[in-house]
Every structure is written in C-alpha cells, then in structure tokens.
Amino acid sequence: MNSVPIALNKAAMRKYEDLEVPCDSILATYVWVDGSGINLRSKDRTFDFIPKTHKDLPIWYFDGSNTAQASFDNSDTFIFPEVIYHDPFRRGNHIMVLADTYQYNYSPTQTNHRKSCVILCEKSEVEEPLFGFNQEFFLTTADGRPLGWPPGGFPAPPGPYYCAIGANKIVARDLMEAFFRCCLYAGVKVNGINPGTTPSQWNFQVGPSPGIRAADDLWMARYILSRLAEEYGTVASFDAQPVPDWPGNGTFVYFSTKDMREEDGVLVIERAIDKLSRRHGVHINEYDANNGADNARRLTGKQGMPHLRDFTAGVANRNCAVRIPRQVSEDKRGYLEDRRPAANADPYRVISIMLRTCVFDE
C-alpha cells in the first residue's frame, strides 16, 4: 500500500536554501536499483573531498531486508559506486552516484545486471556497438490515475496528443522542461523529449552512446524524473500497461555496430534482425521486469504494437517488433529499433541480450 501524499508548504524550504554548506563538505546521493528490478532507492552522505572518479568513493551499505535484497538476519547489502553525475537538485560540487548492489559475500544481488553487462560490453568493443533508448512513461496521481484525465472517465481517443501543444492536450510540460534541463546539467545524455500518444504520457530519448553508458544514463534519467515528479506532487509510472485498451509504455532500444553504420550496412542490419527473429522468446523474457508477464499485457497486437507471440520487422513500420527507420533504408546504413522492451525493462538486461544475439551469435 502506498503512503498518503501530504501537501507540505514547499515555500518554507526557501529560507534554508541559502544556508552555506562548509566549502570542504560535499553532499553525495547514492542511487541503486532495488529488489523489484524496477524501483530506485537512494541515500545521502557527506564527504570532505571532491572525488575525481568513482574509484575515489567508498563502498557503502544499506538495509537490504527493506529493499527485497537480503534477509532480516543478514541484511547489510553493499553498494559499489560506479558513475558520478552532477546533482541538479543541490548543484555546486554536490553529486549523485549511480551504484550497483552486492550481497554479504560480495556476489551480485539478483537485480544487479550491470556487472555482467559490463563484461559483455568490454568483450564487444571491437564491434563498436552504440545503444540508445526511447523511454515512455505516464505521469499519474498518487493513486495511479493518469494526470489530467477527466474524473471517472477517459479523454478522447489517442491521436491529438502526440507532439501536440495546448492546455487541452498537454499535461505537465513545465515538469518535462525541468527534467530536460536537469538531465543535461547532471551529465545524462538526453537528446530529446516529446509528448506521447495519450494525455499524461511522455517520451524521452537517451543516447546513442557506446557500451554501458546509455544504460547508466537511462537509470539516472529515471531517478531524476521520479525526484522531479515527487516535487510536483505527481508520480512517474513505468508500468508497461497502466490502462487496459490504451497505449502502453515501452523502452524502445536503438542498436548499431560499426559494420551497420558503414556502406551497405543495411545488409548487416537485416542479418541481425534474422538473428533476433530466431530468439524472439528469449528476448521477450529479458524485455520486462517480470520475465515477459508485463509485456503480455502490452504487446496485444493493438494500439500500434505487435503481438507478443509474433516476430515481425519492417521499414518505418511501428506495428512491428523491429523497425528499420525510413532514413536508414534510404541510406542503406545506420541502426535498427527493437520496440519490444517494456517501460520497466532493465537496460542492462536489454543491452546484454542484444549483444549475445547480434554480436556473439548465441
């Protein structure tokens, strides 16, 4: 059960914002994925130095029994700092630290997919893979109703809202503008945002970036978005299908290798799509946080999405599982878009299975 939101007087914080933090004190927020594989947790601490790299930061720990990552009688769970970002909430020299989680015996927790992903990315460096993500999500009230939907009813059918303008079509543009700016300040490589196909749905795009960077940036972007939504009194929902029979939420992945980006690379793209078709079921199991159960609600063959049981591909066809963009088809080089991952997919799992299938021919 979720807590009941309490409307605090946020203006009261203003008289503390100009309090000077000692110049030798750095506030650091450690951020990690909890045992759900979907939600993020964070805790803060003070340092008396400015770290130059993540290796300057200490390993920390938390109570894993409250995050579904440890038992009560052996609850200390380690967080290893991995990536440092600038903190857009505190600014100055303060930082946010993306971390991954380890059990008491220093083995990865069940939702630490970063460690294995890093190994695969390092093995595939010769292929120079690039990844990008298009993240869809809904903004909702605390009790899960899409923001801006009429009380007890539904808005007009999808269509007028995509990339639209106007108060009768768009919800929370100011929040998304703040999100865009916060990400760029933090060092997250967000390259675009746009309103989605229904009121309260938005998209943002991360990448393209080499190796692990796109996945790291996507997780930190999700954290920044959720923190901002908290300040605005709303919730960022990455549920794959928040409302039955309406468009759902995905995390479309863009993928290319060096050979795909070179002359006649479209032939390499087509071979990769053939490999993806032969491992459709394996990918579906990796493409949401519940091993395919969430995508079973989303990939129904309706609302411009493919059916879960079918693998399809096409040029400029968003009804397909895998799309070759029109420009890629004309240039005969570029990248492919896999539209199957759900909004709550772990990007480390997505990158790993893409490399295993398309690069390592598993």
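A quick note: this is a predicted structure, and the numbers were derived from the prediction, not measured. In this numbering scheme, every chain counts its residues from 1 along its sequence in written order. The model is predicted, so local features are restricted to residues of pLDDT at least 70 and side-chain atom pairs to those at 80 or more, both for listing and for counting; the totals for chains, interfaces and linings are taken over all residues. Neither water nor hydrogens contribute to the side-chain values; these are computed over all heavy atoms in the structure.

K.L.:
An account of the overall build of the protein is needed here, citing residue identities and associated values.
P.N.:
Each helix and strand in the protein was counted, giving ten helices and 13 strands. The atom set for the radius of gyration is the C-alpha atoms, and the globule formula is 2.2 Å times the number of residues raised to the power 0.38. Taken over C-alpha atoms, the radius of gyration comes to 21 Å for the protein, in line with the 21 Å a tight globule of 362 residues would show. Dimensions of the protein along its principal axes, counting C-alpha atoms only, are 60 × 50 × 40 Å. Buried means the residue's accessible area, taken with a 1.4 Å probe over protein chains only, is under 20% of the maximum for its type, while exposed means over 50%, and partly exposed covers the values in between. Each of the 362 residues in the protein was classed as buried or not, and the buried ones make up 50%. Every helix listed is a DSSP run of H or I at least four residues long, and every strand listed is a run of E at least two residues long, numbered separately from the N terminus.

K.L.:
An account of the pattern of salt bridges is needed here, citing residue identities and associated values.
P.N.:
Within this document, salt bridges are pairs made up of a side-chain nitrogen of Lys or Arg and a carboxyl oxygen of Asp or Glu, the two lying within 4 Å of each other. On inspection of all chains with the given rule, the structure shows 18 salt bridges. Among the salt bridges present, the one from Asp87 reaches Arg90, with a minimum N-O distance of 3.8 Å. The partner of Arg213 in a salt bridge is Asp217, and the shortest N-O contact between them spans 2.7 Å. With Arg213 and Asp217 both in helix 4 (residues 213-231) and four residues apart, the pair spans about one turn of that helix. Asp217 gets classed as buried once you look at its relative accessible area, which sits at 0%. If you follow the salt bridges from partner to partner, you end up with Asp44, Asp87 and Arg90 in one network.

K.L.:
Outline the pairing of strand 8 (residues 201-210), supporting the account with residue identities and numerical values.
P.N.:
Strand 8 sits mainly inside the fold: eight of its ten residues count as buried. What makes two strands pair is DSSP finding at least two bridges between them. Sheet topology places strand 6 (residues 130-140) next to strand 8; eight bridges connect them, and they run antiparallel. Across the sheet, the residue bridging to Phe133 is Val206, located in strand 8. The turn linking strand 7 (residues 190-195) back onto strand 8 is made up of five residues, and Ser200 within it adopts a positive phi angle of 85°.

K.L.:
Pulling in residues and values, what's your account of the pairing of strand 4 (residues 76-86)?
P.N.:
With eight of eleven residues buried, strand 4 is to be regarded as a mostly interior element. In this sheet, strand 4 lies alongside strand 3 (residues 60-63) in antiparallel orientation, the contact comprising four bridges. Counted as the bridge partner of Asp63 is Asp76 from strand 4. By the bridge criterion, eight bridges tie strand 4 to strand 5 (residues 95-102) in an arrangement that is antiparallel. The residue bridging Phe80 from the neighbouring strand is Asp100, located in strand 5.

K.L.:
Please set out the side chain of Ser75 residue by residue, giving values where relevant.
P.N.:
Residue position: Ser75 is located in the loop between strand 3 and strand 4. Two residues form a contact once any of their heavy atoms are found within 4.5 Å. Excluding residues that lie within four positions of it along the chain, Ser75 makes contacts with Phe62, Asp63, Gly64, Ser65 and Ala70.

K.L.:
Lay out the nonpolar core in plain terms, naming residues and giving numbers.
P.N.:
Side-chain atoms within 4.5 Å link the members of a nonpolar core, which is a set of buried Ala, Val, Leu, Ile, Met, Phe, Trp, Tyr and Cys residues. Ile224 and Leu336 are the most contacted members of the largest nonpolar core, which totals 67 residues. A per-element tally of this core places helix 4 first, with eleven residues. Other than its neighbours up to four places away in sequence, Ile224 contacts Phe89, Met96, Phe179, Cys182, Cys183, Ala186 and Val188. Formed by twelve residues, the second largest nonpolar core is a distinct cluster that contains Trp32, Leu57, Phe62 and Ile95.

K.L.:
Summarise the confidence of the model for the protein; cite the residues concerned and give the values.
P.N.:
Averaged over all residues, the pLDDT of the protein equals 92, while 98% of them reach at least 70. Here helix 1 (residues 14-17) stands out as the least confident element of the protein, with mean pLDDT 72; helix 10 (residues 347-358) is the most confident, with 97. Each residue carries a pLDDT value, the predictor's own confidence for that position, ranging from 0 to 100.

K.L.:
I'd like to hear about the packing of helix 4 against helix 10, residue by residue, with values.
P.N.:
Between N-to-C directions, angles cover 0 to 180 degrees, with each direction set by a line fitted to C-alpha atoms, over the stretch in contact for helices. Running from N to C, helix 4 and helix 10 point in directions that differ by 160°, and their axes come no closer than 9 Å. In terms of axis orientation, helix 4 runs roughly antiparallel to helix 10. The interaxial crossing formed by helix 4 with helix 10 has right-handed handedness. Residue-level inspection shows Ala215, Asp216, Leu218, Trp219 and Arg222 of helix 4 in contact with helix 10, the latter providing Pro347, Tyr348 and Ile351. Working rule for angles: under 35 degrees goes down as roughly parallel, over 145 as roughly antiparallel, 65 to 115 as roughly perpendicular, anything else as oblique. Left-handed describes a crossing whose near helix is turned anticlockwise from the far helix through less than a right angle; right-handed describes the clockwise counterpart.

K.L.:
Can you tell me about the sheet that holds strand 5, naming the residues and giving the values?
P.N.:
Here we have five strands laid out as an open sheet, ordered 2-1-5-4-3, and mixed in their pairing. In this open sheet, the two edge strands, each paired with only one partner strand, are strand 2 (40-47) and strand 3. Mean inter-strand twist for the sheet, computed between neighbouring axes without regard to direction, equals 40°. In the sheet, strand 1 (residues 26-33) pairs with strand 2 via eight bridges, with the strands oriented antiparallel. Bridging from a neighbouring strand, Leu27 pairs with Thr46 of strand 2.

K.L.:
Describe the UniProt feature "domain: GS catalytic" (unreviewed entry) in the protein, and please don't skip the residues or the numbers.
P.N.:
UniProt positions are given in the numbering used here, feature names are shortened, and annotations may be inferred rather than shown by experiment. Mapped onto this numbering, the UniProt entry annotates "domain: GS catalytic" (unreviewed entry) at residues 109-362. From the first C-alpha to the last, residues 109-362 spans 25 Å; its make-up is 36% helix and 18% strand.

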